[in-house]
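Spelled out, the chains give:
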Amino acid sequence: MRDRTALKPLTLVAALMLALASFPFPARAQDANAAKARALVDAAIKMTDSDAALKLLWQATEIDPTFDDAYVYLGLYYNSRSDFTDVVKVYQKLLKYQPNQVSAYLNIGEAYMSFSPAKTDDALVYYRKGYELDPKNTFAALRIGELLAQTGQRDDALKYLKIALGDSARNPTVASEAEKTLKQMGAL
């Protein structure tokens with residue numbers, strides 16, 4: 001006669017494996033959420049009712065908080081309305097889920113510069129963080145240099161402005177702005 005107690009642990013393991021196989025893996029759930037968020041963004045950009053479109057875009061950020069497109073469209077909308085407080089909120093939420101997103105730091109910096117009066121200290125914090133994450137970002141270097149020049153920190157300003165000036169082949173607009181500021185400082 002067989003000992004049935006030896007089969008029980010094996011049966012339990014088999015049952016657990018079957019149960020695990022029936023649960024969706026997080027990757028599948030993430031893919032489904034990304035698809036839902038994408039569909040909401042696509043629907044929002046086709047709408048003519050701004051309020052309804054905004055609701056869909058914010059809903060997309062709840063369903064998949066890492067989906068960049070929803071934040072980009074929200075940022076564009078609020079920026080077009082000169083609602084810089086909400087631009088900051090949009091990109092701060094993105095940074096909560098994607099803390100290494102350089103463009104979010106730069107967009108927040110630009111929003112702070114658009115306040116009246118500009119919130120230069122706040123902007124500088126975000127430009128510096130963006131530059132820290134991407135030391136080759138000449139736009140961040142330009143903005144840091146400009147702000148430091150405004151506050152009389154000449155040596156540090158020169159360092160960043162020269163970095164921005166050095167990228168004339170890839171980003172002539174940034175280089176041109178850096179050159180203009182350097183000339184105003186009497187450094188060129």
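Preceding block: the structure.
Now for a look at the structure at hand. (Residues numbered from 1 in each chain as written. Predicted model: local features only at pLDDT ≥ 70, side-chain atom pairs only at ≥ 80, totals over all residues. Heavy atoms only, no water.)

This brings us to unusual backbone geometry. Cis geometry marks the peptide bond from Ser116 to Pro117, where omega comes out at 0°. Note on placement: Pro117 falls in the loop between helix H6 (102-114) and helix H7 (120-133). In the Ramachandran plot, Ser82 falls in the positive-phi region, its phi being about 55° despite a non-glycine side chain. Looking at where Ser82 falls in the secondary structure, it is placed in the loop between helix H4 (68-80) and helix H5 (84-97). (Helix = DSSP H or I, 4+ residues; strand = E, 2+ residues; numbered from the N terminus.)

What follows covers the nonpolar core. Tyr91, Ile108, Tyr112, Ile144 and Leu161 are the most contacted members of the largest nonpolar core, which has 49 residues in total. Residues contacting Tyr91, with those up to four places away along its chain left out, are Tyr71, Val72, Gly75, Ala104, Asn107 and Ile108. (Core = buried A, V, L, I, M, F, W, Y, C linked by side-chain atoms within 4.5 Å. Buried < 20%, exposed > 50% of the residue type's maximum accessible area, 1.4 Å probe, protein only. Contact = heavy atoms within 4.5 Å.)

Turning to the pattern of salt bridges, a few remarks are in order. Counting across every chain of the model gives seven salt bridges. The salt bridge partner of Lys183 is Glu179, with a shortest N-O separation of 3.5 Å. Here Lys183 and its partner Glu179 are both found in helix H10 (residues 172-184), four residues apart, which amounts to about one turn of the helix. Because the salt bridges share partners, they merge into one network encompassing Glu110, Arg143, Glu146 and Glu177. (Salt bridge = Lys/Arg side-chain N within 4 Å of Asp/Glu carboxyl O.)

Here we come to the packing of aromatic side chains. Here a ring pair, both rings aromatic, is described through the centre-centre distance and the interplanar angle of the planes. One pass over the structure, following the stated rule, counts seven aromatic pairs. Judged by centre distance (6.5 Å) and plane angle (45°), the ring pair of Trp58 and Tyr78 falls under tilted. Of this pair, Trp58 sits in helix H3 (residues 50-63) while Tyr78 is found in helix H4, placing the two residues 20 residues apart along the sequence. Judged by its relative accessible area of 26%, Trp58 is partly exposed. A residue is classified by how much of its surface remains accessible, and Tyr78, at 9% relative accessible area, is buried. Between Tyr112 and Tyr126, the ring centres sit 5.9 Å apart and the planes meet at 40°, which makes this aromatic pair tilted. One end of the pair, Tyr112, is in helix H6; the other, Tyr126, is in helix H7, with 14 residues separating them in the sequence. Residue Tyr112 shares its accessibility class with Tyr126, and that shared class is buried. Among the aromatic side chains, those forming a connected cluster through ring pairs are Phe84, Tyr105, Tyr112, Phe115 and Tyr126. The cationic tip of Lys119 hangs over the ring face of Phe115; the distance from NZ or CZ to the ring centre is 4.5 Å. (Phe/Tyr/Trp six-rings, centres within 6.5 Å; stacked < 30°, edge-to-face > 60°. Lys NZ or Arg CZ within 6 Å of the ring centre and 35° of its normal.)

Structurally, the α-helix is built with 3.6 residues per turn, so residues lying three or four positions apart point the same way. Over its 14 residues, H7 extends 20 Å from the first C-alpha to the last, a length consistent with the 20 Å expected when each residue adds 1.5 Å. Where H7 is buried, its residues contact H5, H6, helix H8 (138-150) and helix H9 (154-165). (Expected span 1.5 Å × (residues − 1).)

Another aspect to go through is the side chain of Thr61. Mapping Thr61 onto the fold places it in helix H3. Engagement of the side chain of Thr61 in a polar contact is seen with the side chain of Lys93, the distance being 2.9 Å. (Polar contact = N/O pair within 3.5 Å; in protein donor to acceptor, adjacent residues only side chain to side chain.)

Another aspect to go through is the packing of H6 against H7. Packed helices, taken two at a time, are described by the angle their axes make and the gap between the axes. At their nearest, the axes of H6 and H7 sit 8 Å apart, and the two run at 160° to each other. Classified by the interaxial angle, the pair formed by H6 and H7 is roughly antiparallel. For the crossing formed where H6 meets H7, the hand is left-handed. Contact with H6, carried on its side by Val102, Tyr105, Leu106, Ile108, Gly109, Glu110, Tyr112 and Met113, involves Thr120, Asp122, Ala123, Tyr126, Tyr127, Lys129, Gly130 and Leu133 of H7 and no other residues of that element. In terms of residue class, the contact of H6 with H7 is built from ten nonpolar, three polar and three charged. (Axes fitted to C-alpha atoms, helices over the stretch in contact; angles between N-to-C directions. Parallel < 35°, antiparallel > 145°, perpendicular 65-115°, else oblique. Left-handed = near helix turned anticlockwise from the far one by under 90°. Nonpolar A, V, L, I, M, F, W, Y, C, P; charged D, E, K, R; others polar.)

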